[in-house]
Structure formats: C-alpha cells, structure tokens
Amino acid sequence: MAGTTSPPPSWSDIPLELVGLILRRLPALADRARFAAVCRQWRRAAREVPLPAPLPLLALPDGTVYSLPGSKPFRFPGCVGYVDACGDWLAFSGENGYFLKNPFSHATVALPQKFRVQDHRRRHAGDETGVRWMEMEDHSNRLTMYKLLYCSPQLVAAFIRIERSTRLAVCQPGAGSRWSVHIGWMFSLSVDMAFHQGKLYVLEESMETLFSIDISVDHGTCDPWVSRVRYVLSEIPSAIPVARNENVTVKILYLVELDGALLMVRRTMHCIFLPGMSIANLIGGNEFKLFRVDFQQSKWVEVTTIGDNQVLFLRRRCSRFIPVSLEEMPGDRIIFLDNDDEDHSWYKVVTSDSCSVYDMRDGKVSAFPPMVSWEQGPVPATWLFPQG
Amino acid sequence: MEVDKGKGEAEETRKVAEADRDTVTLKSSDGKLFEVSKEAAARLSTVLAGMIAGGSIDDNGTDLKQIGSEALENVVDYCNKHANSIPSAALISSSISFNTAPFKEPEEWERKFVDRLSHDALFDLVEAANFLGMERLLDVTCHKISEMMKGKSPDQIREVFNIKNDYTKEELEEIRQELAWAFYDD
C-alpha cells in the first residue's frame, strides 16, 4: 500500500480478492471478457476467481448477440446458423447430422446419426435384458428433433417428432453411437423436459403430467436407453379458467430446475377467435404461475416468489434461473420471449419477436432491454448461458 | 479529522484521553493520527472491531502500517459520515453471505463520497477497506470501479486505469480470436 511518498499504485496489481469483488459487479459476459483482455494479471485473476454465472446472451438466428443487461448488438460468428440451444451449447445441423458446439470454448460434440428402436416382436427369453433393437430406416424426411438436453457427458436427450407424435430419444454423445428412441410411450406434441438430480423428467402439457424416466445402459456399447417411463404426478386442481365465447387461453408449460427443486412454469396468454377465422389472434395478457414438485406428497405446490436475487430466463427449449444483484437487474422476475412457441402453430403467425419481463411481485409485464425486435425465422432466438 | 501535531504534547495526551470514551486514534504508515468514532469503526470494520474487543487499541495511535495517510483519512471520513447517517434498511442486514447476497446499492452520499476521489485515491481506499475488513466500504468502492469499466473496450479501460498493455503480439491475437465478439470500439 502506498504512502504519500510512494509511487502511484498500479491497477494491474490489484489483489485477487478485489478482482473477484469487481467482477461480481460485472454480470455481463462481454464486460468480463473485456476485463480479462486488459492485461496479463487481470486475465490470470479473472480465470482464478470463482464467480457467479454471468447473465445470458440473447442470440438471434442471424448471429447477432446481446450480452445482457442491455448491450449493443455484437456479431458472434460462432452463433450463426444454429438450430437449437442448450445451456452453453448450440446445436447445428451439418452434413453428418446434428452436432453440439460451444461458441465460447469452441468445443464440439458429435451426435449420432443412427437411430434404433426397440423391437417388441422378437423378445428372447434367454436374453439378459430381454430387449432387442432394430435400426430405424429412412427417417430423414419424417423425423424432426427438438429440445436437445445435454445432461452429462454420457447422456444427451431429445424429443423426436415423427409425424404427429413425440417420442423421447437418448444417446451418448459421439458419432459412432446411436440414438435409442423410446416408442413405448407417445407424448403429446407439447412437452418439456429437465434433468434434475441425476434424473430425467418429462412434463406433458395436455394433462400437466410429470413423468420420470428410467435410463438403462447397454453393457457392451454403453448406449443409454429408456427402460421405463414412470408417472409422477398429474393435473393441478385449480385449472385454467374456462374460455368464454370467442376467447381462449393458450397455455405453455416449461420444466425448470431451481435450487434443488423441480418447477413447472405455466404461462398463459389470451387469444381471440375472429369470426370466420380458424386461427386465433394473441391479445396478450401473459400470466405466469410457478409450481414446485413435492415428491413426497406427490403434488404441485404453487410458488409465488423466486426471490429477490434470481431471475428466470425462460424459453421453451432452454430455460434457467440466474442469480442477479438488485442493482444490475431486480430479481423475482421472469424474462421471456414473446412468441416462444414453435409448438402452437395454430394461432396467428407472428413475424416478429421481442423480449419481455414479468414481475412476480405485481404480475405486470413490461418490455425488456435490449429493446429489439427481430424477424422470426425457422429457428427462434435463444438464451445462451455461458459457464462464466 | 487529522489531529494537529503542531500543538504541545500535553494537549495531545489530553485529547487522546478525552477520546478514550467514544473514539479511537489510528496512525497511518506515514505517522499521521486520525480519530474515528469507536462505534462506527467497530460496526464497519471487522479488523478494528477485533482490535477494540481485544484491547489492542493504542491510545497514542494504533499503528496501521499498511495504510497511507490519504487513504486512512478517507476511511476515517467514511466511518464518521456513516456514524452520522441514518442507516437504511438495506444496511442493517449485513449478516448475509458475502458472495451470494445481492449487492446493496450505495446510498447517495456514498456515491458522492467515492465520486470525488482521484483514481489513485480510489485504489488506495479499496485496498485499505480490504485490509480493514470493511465490507460496506468495499461494496461502495468496488461498485464505483465496476461502473468505470462497464461497456468499455479493453483499450478504454487501460486508458482510464493507466494500465500498460503487456501482452505479446501473439497473445493479443489469441485473445482477439477468442473474444473478438465482445470487443467494440477497439
């Protein structure tokens, strides 16, 4: 420490613990990155201090990103052309099928191209598991994949849509392995899933039903597969108000993990059917209700606050709770994409999208900076959650 | 609140004795003496609280060899101002964990307090706050420093903080490739 006669202090020598305190107050990933680029000591310090996760990036399909809270638009070449997102991974569709890429670390994970389904016709009594598999053929035209979920280095899950049904598929990453598609259970078109305390859960929208998924692993190939779909709990007693006349309520459900609990987020929007129209117009009125799974009593328990020190970044395929400071961004709020719904194509097609924020305390919805709107393409905008 | 050393020694002793009840005297690395409210010092600094409780406060000026007079003057000034300000609700709950609690916003007077400091004085103050275990003052100073960095390019930050770019060409190129997306005006 300098006395009055010492030379002026150098900011590059700032002690490590102070670097941590300063970086904690820079929740934007872009600010943290620029801090680390200033000089060697700061770069080393930024790598060494443990920090809470930064706020996510908002990535648009054209490769534009915004580093929250509110920033100028950046060009992020690593983001161009994604088809899906999962945490800090983006999914791309290449010549050799899907692969995951981390645009920050540039790590790449290949996903299998081949799909197998259980063959129920030939059950061999002598077989250890009694399970036989057959390759799925000619799937490319009638199969779409969505909601990739990177659970662990050994397990990636995804929903596979085959014609009008949704199936759950799991695989271990790697080009040489295979997706195991579970055909024993057909989900409705609107489902979400989450990985919670080492277990995969699927939430089905139509009945607000939660399932837990048992995963088995092949002894030889280590390929995972769904061995059982277990019913956990179902519908909430206080259901959505009954629609009157031409008004209808659209519902979207999300399944998210928070502090060791599993939460269902129920988003409702009001729509109106215009005379003679078969599609509905959204008339807004976003409302959110959160329910925690009480595993012991097998029921949904409403949650009215997520705390002043957290916000929920919500997107159909990629949601996460992020710690915030009051100053940067007030907590207890849900930040969502207005038209975050590839599954409900029956309401009026909207061409542009933007971000909004829902305040859990008063139920009010307001615009969320960056105040941008973007053209909707075949792939929706997404949050990207860097590890920090 | 620097004690005038020009006065006679007797007077100084009397002053110190008088202060024994509700103030403590701190001595900077360059030997200057400062008086600070005992209550505020104990409340705002874990280190001073420990010294007061442990009886290691020297009536003739407790040596703080790591802290220069300018920084110590600011510390003392901050403590005394704090003693006079009405603590807001946000300040009362200081028992939450350091790392996970949401930051408490600086009060208006605290903002002004750090805004008037030169960069060197701010640097010395944040180090002094760190040394003395002054969580609240660390909040306020680190807040100010982070505000000075937000939205700025690495070049601009180097300029503001007078930091030399010590990267080699190769390292700079590596950083540029890794973080190119995050830079602008750079």
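Because the structure is a prediction, the values reported are computed rather than measured.

How each quantity is defined
- For every chain, the first residue of the written sequence is number 1, and numbering continues from 1 onward in sequence order.
- Each chain takes a letter, starting from A, and each ligand takes a number, starting from 1, following the order in which they are written.
- Predicted model: local features are reported for residues with pLDDT of at least 70 only, side-chain atom pairs are reported and counted for 80 or more only, and whole-chain, interface and lining totals are derived from all residues.
- Here the side-chain values reflect all heavy atoms present in the structure, with hydrogen atoms and water set aside.
- Comment: elements are numbered from the N terminus, with helices defined as DSSP H or I runs of at least four residues and strands as E runs of at least two.
- The buried label goes to any residue with under 20% of its type's maximum accessible area, the exposed label to any with over 50%, and the partly exposed label to all in between, with areas taken from a 1.4 Å probe on protein chains only.
- The sign given to each residue is positive for Lys and Arg and negative for Asp and Glu; His and the chain ends receive no count.
- Here a salt bridge means any side-chain nitrogen of Lys or Arg lying within 4 Å of a carboxyl oxygen belonging to Asp or Glu.
- Pairs of N or O atoms are called polar contacts if they sit within 3.5 Å, as long as, within protein, a hydrogen donor faces a hydrogen acceptor (for residues adjacent in sequence, only side-chain-to-side-chain pairs).
- Residues count as neighbours in contact if any of their non-hydrogen atoms are within 4.5 Å of one another.
- Two strands make a pair as long as DSSP finds a minimum of two bridges between them.
- Convention adopted: a line fitted to C-alpha atoms gives each axis, helices being fitted over their contacting stretch, and angles between N-to-C directions are expressed from 0 to 180 degrees.
- UniProt positions are given in the numbering used here, feature names are shortened, and annotations may be inferred rather than shown by experiment.
- Defined here as a combined quantity, buried area equals the accessible surface (1.4 Å probe) lost by two parts on assembly, summed across both.

Observations concerning the side chain of D88 of chain A
Residue and element names in this part refer to chain A. Relative to the helices and strands, D88 is located in the loop between strand 4 (84-86) and strand 5 (89-94). Despite its burial, D88 pairs with no opposite charge, the nearest such side chain being R320 at 5.9 Å. There is a polar contact of 3.1 Å between the side chain of D88 and the side chain of N102. For D88, the residues in contact, after removing those within four places along its chain, are K101, N102, P103, F104, L384, F385, P386 and Q387.

Some points on the sheet that holds strand 12 (residues 165-171) of chain A
All names here are of chain A. The 6 strands lie next to each other as 9-8-13-12-11-10, forming an open sheet whose pairing is mixed. Each of the sheet's edge strands pairs with one partner strand only, and the pair in question is strand 9 (133-135) and strand 10 (143-152). Across the sheet, the axes of successive neighbouring strands diverge by a mean angle of 30°, strand direction being ignored. The sheet contact formed by strand 12 and strand 13 (residues 178-187) spans 4 bridges and is antiparallel. Bridge assignment links V170 to a residue of strand 13, and that residue is S180.

Here we look at the UniProt feature "domain: F-box" (unreviewed entry) in chain A
Residues annotated in UniProt with the feature "domain: F-box" (unreviewed entry) correspond here to residues 14-55 of chain A. As a span, residues 14-55 of chain A carries 62% helix and 0% strand, and end to end its C-alpha atoms are 25 Å apart.

Let's talk about the interface of chain B and chain A
Listed as interface residues are 54 residues of chain B and, on the opposing side, 45 residues of chain A. Taken together, both faces of the contact between chain B and chain A bury some 4,600 Å²; the carbon and sulfur share is 65%. One can count 2 salt bridges joining chain B with chain A. In this structure, R25 of chain A engages D139 of chain B in a salt bridge whose closest nitrogen and oxygen atoms are separated by 2.3 Å. For the pair chain B and chain A, the number of links is 10 residue pairs in polar contact (both at pLDDT 80 or more). Those elements that provide at least two residues to the side of chain B that touches chain A are helix 7 (119-131), helix 8 (135-149), helix 9 (154-161) and helix 10 (169-179) of chain B.

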